Amino acid sequence: METLEVTDVYVKSCECISILQKEIALLERLGAAQEVVSQAVFSRDWTDMDALFKRLDEYGTEFEELEKERMGLFSELSTILGFEEEKPGFYALTTRLDPELRRQMTDLYRRLKLDVLKIRISNENLNQYIASNRSVISEFLQAAFPDRKGKLYSRHGREIHSEMRSIVLDRSL
């Protein structure tokens, strides 16, 4: 490899490491915000829910931008490293890096993947909790009001679908 290519590899690798660190930091903030949402749902505290969802959406948008930037850097790095025709996987790409850079990148990449997995599991648990509560409330309403037979009506007397996605109760049953 020429000296220019070695320098380019080092610069792009350092940029990749920086992006991976930013993504991990963002995932930590996203995980903390998701935990606040979960606690609010479990305690039925709906006061700041719009602000929490807005923050989560902003984190998601920021993460997508970082992910695009990281993928672009990986693509540039793969070209510099001689992967012309094929686009290598992450670990195949790192095999051509200096051992210290490879170790840093693979450690960060592994941590990124684990953090994403933790957030997905937490999100799935929250979705299951909400779905089971929705089911319980739906069954209760069907048992308590059998004359409705699943029908709900708007203020104007029109029949509306009785799906429980948007129901919020401000009373304890």
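Residues numbered from 1 in each chain as written. Predicted model: local features only at pLDDT ≥ 70, side-chain atom pairs only at ≥ 80, totals over all residues. Heavy atoms only, no water.

Enquirer: Requested: an account of the overall build of the chain, with residues and values cited.
Expert: For the chain, the count of helices and strands is 4 helices and 2 strands. Listing every helix and strand of the chain by position from the N terminus yields α-α-α-α-β-β. A buried classification covers 28% of the 173 residues belonging to the chain. Entry remark: accessible area of the chain is about 12,100 Å², with carbon and sulfur atoms responsible for 53%. (Helix = DSSP H or I, 4+ residues; strand = E, 2+ residues; numbered from the N terminus. Buried < 20%, exposed > 50% of the residue type's maximum accessible area, 1.4 Å probe, protein only. Areas by Shrake-Rupley, 256 points an atom, 1.4 Å probe, with all protein chains shown as cover.)

Enquirer: Can you tell me about the packing of aromatic side chains, naming the residues and giving the values?
Expert: Tallying each qualifying case throughout the model produces 5 aromatic pairs. An angle of 80° between the planes, with centres 5.1 Å apart, marks the rings of Phe90 and Tyr91 as edge-to-face. Within the aromatic cluster, the residues linked to one another by ring pairs are Phe74, Phe90, Tyr91 and Tyr109. It is Arg96 that lies over the ring of Phe83; its NZ or CZ is 3.8 Å from the centre. (Phe/Tyr/Trp six-rings, centres within 6.5 Å; stacked < 30°, edge-to-face > 60°. Lys NZ or Arg CZ within 6 Å of the ring centre and 35° of its normal.)

Enquirer: So what's going on with the environment of Phe83? Residues and values would help.
Expert: Among the secondary structure elements, Phe83 is positioned in the loop between helix H2 (49-80) and helix H3 (90-94). The exposure class of Phe83 is buried, given its relative accessible area of 7%. The contact partners of Phe83, leaving out residues within four places of it in the chain, are Ser78, Pro88, Ala92, Leu93 and Arg96. (Contact = heavy atoms within 4.5 Å.)

Enquirer: Which residues make up H2, and what values do they have?
Expert: Given a rise of 1.5 Å per residue, 32 residues ought to cover 46 Å, and the 46 Å separating the end C-alpha atoms of H2 matches this to within 8%. Residues of H2 that are buried include every one of Met49, Leu52, Leu56, Tyr59, Phe63, Leu66, Arg70, Leu73, Phe74, Leu77, Ser78 and Ile80, and no others. (Expected span 1.5 Å × (residues − 1).)

Enquirer: Describe unusual backbone geometry, naming the residues involved and giving the relevant values.
Expert: Positioned with a positive phi, Arg44 is a non-glycine residue whose angle comes to about 55°. Within the secondary structure, Arg44 is located in the loop between helix H1 (3-43) and H2. By relative accessible area, Arg44 is classed as partly exposed at 49%.

Enquirer: Pulling in residues and values, what's your account of the nonpolar core?
Expert: Judged by nonpolar contacts, the single largest core of 36 residues is most densely connected at Val37, Phe74, Leu77, Leu81 and Met105. Those elements giving two or more residues to this core turn out to be H1, H2, H3 and helix H4 (99-144). Ranked by residues supplied to this core, first place goes to H1 with 13 residues. Leaving out residues up to four positions away in the same chain, Met105 has contacts with Ser13, Cys16, Ile17, Leu20, Phe74, Leu77, Phe90 and Leu97. (Core = buried A, V, L, I, M, F, W, Y, C linked by side-chain atoms within 4.5 Å.)

Enquirer: Explain a nonpolar patch on the surface residue by residue, including any values.
Expert: Taken together, the side chains of Leu114, Leu117 and Ile121 define a hydrophobic patch exposed on the protein surface, amounting to about 270 Å² of accessible area. Checked against the element boundaries, Ile121 lands in helix H4. When its relative accessible area of 43% is taken as the criterion, Ile121 is described as partly exposed. (Patch = residues over 30% accessible without salt bridge, like charges linked within 9 Å, V, L, I, M, F, W, Y side chains within 5 Å. Salt bridge = Lys/Arg side-chain N within 4 Å of Asp/Glu carboxyl O.)

Enquirer: How would you summarise a negative patch on the surface if you had to cite specific residues and measurements?
Expert: The grouping of Asp57, Glu58, Glu64 and Glu65 at the surface amounts to a negative patch. Relative to the assigned elements, Glu65 resides in helix H2. Accessibility expressed as a relative area gives 52% for Glu65, which makes it exposed. (Lys, Arg positive; Asp, Glu negative; His and termini not counted. Charge placed at Lys NZ, Arg CZ, Asp CG, Glu CD.)

Enquirer: So what's going on with the pattern of salt bridges? Which residues, and what values?
Expert: Counting across every chain of the model gives 10 salt bridges. The salt bridge involving Glu62 is made with Arg29; its shortest N-O contact spans 3.5 Å. Here Glu62 is found in helix H2, whereas its partner Arg29 is found in helix H1, with 33 residues between them in sequence. Residue classification places Glu62 among the partly exposed positions, given a relative accessible area of 33%. Among the residues examined, Arg29 registers a relative accessible area of 37% and is labelled partly exposed. The salt bridge partner of Arg110 is Asp107, with a shortest N-O separation of 3.3 Å. Placement of both Arg110 and Asp107 in helix H4 is noted, with a separation of 3 residues, approximately one turn of the helix.

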